[in-house]
Amino acid sequence: ESLLSGDSGFSLNLEYQVPFQDNKTSAFVFCDYGSVHGEHAFEDHILKSIGFGLKVNPTKNIGANLSFGFPLIKKVNVEEISKMRIHFMLSGQV
């Protein structure tokens, strides 16, 4: 989210999902890790977070995802990171 930049990098996401009985909704927990490298990378170059969320697929072509993330590193490049981030995504296919 624009906190880091560099010439190259990678990210890792581990997620455990538990479907509800309707098979259209599932809850999940996750752990994220990311790092950037290179000549133009900042001194602080690692981000880590954990969180949880909910996925809903009311139809075959529509899906929504709501997640709450909590950073494990609270300060990056002299900038304080907020305690929690909320992400919402709505997707559809034609």
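Going by the structure above, here's the rest.
In this text the structure is predicted, and so the values were computed from the model without any measurement.

For the rest of this paragraph, the subject is unusual backbone geometry. For N23, which is not glycine, the phi torsion reads 60° and is therefore positive. Following the sequence through the fold, N23 ends up in the loop between β1 (8-19) and β2 (25-37). The exposed category is assigned to N23, whose relative accessible area is 64%.

Next up on the list: the pattern of salt bridges. Under the definition given, this model contains one salt bridge. Residue E15 is joined to K55 by a salt bridge in which the shortest nitrogen-to-oxygen separation is 2.9 Å. With E15 in strand β1 and K55 in strand β3 (residues 46-59), this residue pair connects regions lying 40 residues apart in the sequence.

A surface patch of nonpolar side chains, about 600 Å² in accessible area, is lined by I62, L66, M84, I86, F88 and L90. Of the residues forming the nonpolar patch, the biggest block, three residues, is contributed by strand β7 (residues 85-92). Take I62: it is sitting in strand β4 (residues 62-71).

Conventions adopted
- Residues numbered from 1 in each chain as written.
- Predicted model: local features only at pLDDT ≥ 70, side-chain atom pairs only at ≥ 80, totals over all residues.
- Heavy atoms only, no water.
- Helix = DSSP H or I, 4+ residues; strand = E, 2+ residues; numbered from the N terminus.
- Buried < 20%, exposed > 50% of the residue type's maximum accessible area, 1.4 Å probe, protein only.
- Salt bridge = Lys/Arg side-chain N within 4 Å of Asp/Glu carboxyl O.
- Patch = residues over 30% accessible without salt bridge, like charges linked within 9 Å, V, L, I, M, F, W, Y side chains within 5 Å.
- Areas by Shrake-Rupley, 256 points an atom, 1.4 Å probe, with all protein chains shown as cover.

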